[in-house]
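Residue-level structural notes
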Amino acid sequence: MAMLLEDILQSVEIWLKLIKKPQPYVDPNLDPVLLVPGIAGSILTAVDDQNGKEERVWVRILGANYKFRTKLWSRFDPSTGRTESLDPNTTIKVPGGRYGLGAIDVLDPDMIVGRDCVCYFHDMIVEMLKWGFQEGKTLFGFGYDFRQSNRLQETMDRLAEKLELVYEASGGKKINVISHSMGGLLVKCFMGLHSDIFQKYVKNWIAIAAPFRGAPGYIASTFLNGMSFVDGWEQNFFISKWSMHQLLIECPSIYELMACPHFHWQHIPLLEIWMEKEGCDGYPRTILESYRPGNCIDIFKEALSGNTVDYNGEMIPLPFNLEILKWVKETQKVLSHAKVPSGVKFYNIYGINLETPHSVCYGSEETPVTNIQDLRFFQPKYICVDGDGTVPAESAKADGLHAEARVAVPGEHRGILCEPHVFRILKHWLRAGEPDPFYNPINDYVILPTAFEMESHHEKGLQVTSLKEEWEIVTKDQDDLDDTVSSRKPLVSSISVSQGGSNKHSLRSEAHATVIVHPQNEGKQHVELNAISVSVDA
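Residues numbered from 1 in each chain as written. Predicted model: local features only at pLDDT ≥ 70, side-chain atom pairs only at ≥ 80, totals over all residues. Heavy atoms only, no water.

Okay, the overall build of the chain next. Helix and strand counts for the chain come out as 13 helices and 23 strands. A burial count over the chain gives 50% of its 538 residues as buried. The contacts of the chain with a sequence gap of at least 6 include a subset with a gap of at least 24, amounting to 72%. Of the roughly 27,000 Å² of accessible surface on the chain, a fraction of 53% belongs to carbon and sulfur atoms. (Helix = DSSP H or I, 4+ residues; strand = E, 2+ residues; numbered from the N terminus. Buried < 20%, exposed > 50% of the residue type's maximum accessible area, 1.4 Å probe, protein only. Contact = heavy atoms within 4.5 Å. Areas by Shrake-Rupley, 256 points an atom, 1.4 Å probe, with all protein chains shown as cover.)

Here you go:
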């Protein structure tokens, strides 16, 4: 019996070894990738300086509001350019697990229900591992304290160290930097301040959904009303919009996302207010006041002049911070003078096809604003333009750099990181994985099947089959094309084939095909094929 039991155990051990999880495919020829997230895209931990205890404060569910207000609420120090936590015994750090990827993958790894809403680079990391990238060898992440300025020297030093570390870990291969959202401003600041280091370690920089000229409507309403990190029912599990508002008023990074006042906007973003004022005759009148970028500072100052927070029983004033504005002017100079170094290639992917806040309006003719300080309690109304729902396409593609390609992809600001369109484009630019059958490397375009319908029925003894296919061809953004291109009529082509006989018993077949090619718009070509075939029913 003992021998039989031993044999069974040995058999089980052999079976367990046989079903051992297969090792993921690794391509040793790939160049390394460094992923850089945007605002609120890194896990943050609070470290107690007295006992060294660490706890995650962004993102979390249980006790989220309390921990956020006690550990993350901050004040800007103009002497250092840093935003410091109100708790003097707390230091905010970014965890470095999984070679930096742990902090930018799933922002609340403890979540079960609603986990998808806090996934950041998760889908892209999973996809890249399929292509043959390996964590710690060819795939890395760079999380950072997103409260801080995009040009804070401490962050710049950490990024320089990270680039050197990735370069050495991959055996001296130059790096592909992929940034998302505000991460694009951080990378551009680094490139402007440390061009020599960037040139030494970086091969390609791919910016995705970067607010190069700001996010006008989104940031204007953030100053006055705050922001929610997630939309829908999931936001009930996170910190309140008001708590986030109080943090962002003291964040230089938010001020650096304001609409660029020197950019030649196609449509100037405005802050509009329906105000009730006393007329010359002594009766109240309602007028619409409009403020351009740069001219709305006085509105922010007045609206937030009485803003305070209760921190451990002490009322702390948090007005619109003019000291941060001084810092931001220097950041804007760095961004405006940054150039892509020789030998480095820059690519830009930006989101389109979503209504995106551009101008913001408060009040109405029927319910005007009587006191500017009440703006915080008004629901903003947006005038929207094309973009990704957060960053206007006009801002995202105006990088001011020499770009190898600018590609517009339909997608939501954070959701664009999960788009198959983006994965196919990245796969080609990174020269990774198996060749994509829908990608044409010669002409640099992606063919994406978007619809396929096939229908077959009998009609008067004949079998009729109809086929409809649609494709979307994503190409380089053609900024230099004629303005008249988008107004051209679709190109229509027809094909007709028929076969007949001299008597009624002969086989008869017919084929009709129509190809419709729509004019290129935002770097995309839309192609439709409609075909009908008719044959004698056997």
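From this point, things continue past the structure.
Turning next to the sheet that holds strand 2 (residues 44-48). The strand order across the open sheet formed by three strands is 3-2-6, and the pairing between neighbours is antiparallel. Single-partner strands in this sheet number two, and they are strand 3 (54-58) and strand 6 (90-93). Strand-to-strand twist across the sheet, computed as the mean angle between neighbouring axes with direction ignored, equals 35 degrees. Strand direction decides the pairing type here: strand 2 and strand 6, joined by four bridges, are antiparallel. (Pairing = 2+ DSSP bridges. Axes fitted to C-alpha atoms, helices over the stretch in contact; angles between N-to-C directions.)

Considering the arrangement of structural elements, one finds Ser 149 in the loop between strand 7 (139-141) and helix 4 (153-169). Relative accessible area serves as the criterion here: at 2%, Ser 149 is assigned to the buried category. As a C-alpha pair, Ser 149 and Ser 253 span 104 residues in sequence and 4.6 Å in three-dimensional space. When residues no more than four places from it in sequence are discounted, the contact partners of Ser 149 are Pro 252, Ser 253, Glu 256, Trp 327 and Thr 331. One polar contact links Ser 149 to Glu 256, side chain to side chain, over a distance of 2.6 Å. Within the structure, Ser 149 has its side chain in polar contact with the side chain of Trp 327 (distance 2.8 Å). (Polar contact = N/O pair within 3.5 Å; in protein donor to acceptor, adjacent residues only side chain to side chain.)

This part covers helix 5 (residues 183-193). Because the α-helix completes a turn every 3.6 residues, residues three or four places apart line up on one side. Most of helix 5 sits out of view: nine of its 11 residues are buried. The inward-facing, buried residues of helix 5 contact strand 1 (33-36), helix 4, strand 8 (175-180), helix 6 (195-201), strand 9 (202-208) and helix 11 (322-337).

Next up on the list: unusual backbone geometry. Of note, the bond from Trp 58 into Val 59 is cis; its omega dihedral lies within 30 degrees of zero at 0 degrees. With respect to the helices and strands, the residue Val 59 is situated in the loop between strand 3 and helix 2 (64-72). Despite not being glycine, Ser 181 has its phi angle at roughly 55 degrees, a positive value. Its place among the elements puts Ser 181 in the loop between strand 8 and helix 5. For Ser 181, a relative accessible area of 7% puts it in the buried group. Unusually for a residue other than glycine, Asn 312 sits at a positive phi of about 55 degrees. Note on placement: Asn 312 falls in the loop between strand 12 (308-311) and strand 13 (314-317). The class for Asn 312 is exposed, based on a relative accessible area of 69%.

For strand 9, the buried fraction is high: six of the seven residues fall into the buried class. Here six bridges tie strand 8 to strand 9, and the two strands are oriented parallel to one another. Residue pairing for strand 9: His 180 is matched across the bridge by Ile 208. Pairing of strand 9 with strand 14 (residues 345-352), which is carried by five bridges, proceeds in the parallel orientation. Counted as the bridge partner of Ala 207 is Asn 348 from strand 14.

On to the nonpolar core. Leu 35, Trp 58, Met 124 and Met 128 are the most contacted members of the largest nonpolar core, which has 132 residues in total. Apart from the residues lying within four places of it in its own chain, the contact partners of Leu 35 are Leu 101, Ile 104, Phe 121, Met 124, Ile 125, Met 128, Leu 139, Phe 140, Gly 141, Phe 142 and Ile 178. (Core = buried A, V, L, I, M, F, W, Y, C linked by side-chain atoms within 4.5 Å.)

Looking now at the packing of helix 3 (residues 122-131) against helix 13 (residues 420-429). The interhelical angle for the contact between helix 3 and helix 13, taken along N-to-C directions, is 40 degrees, at an axis separation of 11 Å. Judged by the angle between their axes, helix 3 and helix 13 are oblique. Crossing angle aside, the handedness with which helix 3 passes helix 13 is right-handed. Note on element contacts: helix 13 touches helix 3 through Val 422, Phe 423, Leu 426 and Lys 427, opposite Asp 123, Met 124, Glu 127, Met 128 and Trp 131. Of the residues assigned to the contact of helix 3 with helix 13, the class counts are six nonpolar, no polar and three charged. (Parallel < 35°, antiparallel > 145°, perpendicular 65-115°, else oblique. Left-handed = near helix turned anticlockwise from the far one by under 90°. Nonpolar A, V, L, I, M, F, W, Y, C, P; charged D, E, K, R; others polar.)

What follows covers a negative patch on the surface. There is a patch of like negative charges on the surface, built from Asp 157, Glu 161, Glu 164 and Glu 168. Looking at the secondary structure, you find Glu 164 in helix 4. (Patch = residues over 30% accessible without salt bridge, like charges linked within 9 Å, V, L, I, M, F, W, Y side chains within 5 Å. Salt bridge = Lys/Arg side-chain N within 4 Å of Asp/Glu carboxyl O. Lys, Arg positive; Asp, Glu negative; His and termini not counted. Charge placed at Lys NZ, Arg CZ, Asp CG, Glu CD.)

At a minimum axis distance of 8 Å, the contact between helix 5 and helix 11 shows a crossing angle of 75 degrees. On the basis of the axis angle, helix 5 is roughly perpendicular to helix 11. Taken together, the residues of helix 11 that come into contact with helix 5 (itself represented by Leu 185, Lys 188, Cys 189 and Leu 193) are Thr 331, Val 334 and Leu 335.

Now for the sheet that holds strand 10 (residues 271-278). Strand order in the open sheet formed by four strands is 11-10-15-16, with mixed pairing between adjacent strands. The sheet is open, and its two borders are formed by strand 11 (284-291) and strand 16 (381-387), each paired with just one other strand. Geometrically, the sheet is characterised by an average inter-axis angle of 25 degrees between neighbouring strands, direction not taken into account. As paired elements, strand 10 and strand 15 (residues 354-362) share three bridges and run parallel to each other. Paired with Glu 272 across the bridge in strand 15 is Cys 361. Packed on one face of the sheet, helix 7 (residues 216-225) meets strand 15 and strand 16 and runs near 45 degrees to strand 15.

Let's shift gears to the pattern of salt bridges. The final tally for this structure, using the stated rule, is 16 salt bridges. Between Glu 250 and Arg 75 there is a salt bridge whose closest N-O contact spans 3.7 Å. Taken together, the residues span a long stretch of sequence, with Glu 250 in the loop between helix 8 (241-248) and helix 9 (252-255) and Arg 75 in strand 4 (residues 74-77) at a distance of 175 residues. On the basis of relative accessibility, which here comes to 1%, the residue Glu 250 falls in the buried class. Put simply, Glu 55, Arg 60 and Lys 67 are held in one network by salt bridges that share partners.

Turning our eyes to something else, we now look at the state of the cysteines. Evaluated as defined, the whole model comprises zero disulfides. Residue Cys 119 stays outside any disulfide, its sulfur separated by 7.3 Å from that of Cys 418, the closest cysteine. (Disulfide = S-S within 2.5 Å.)

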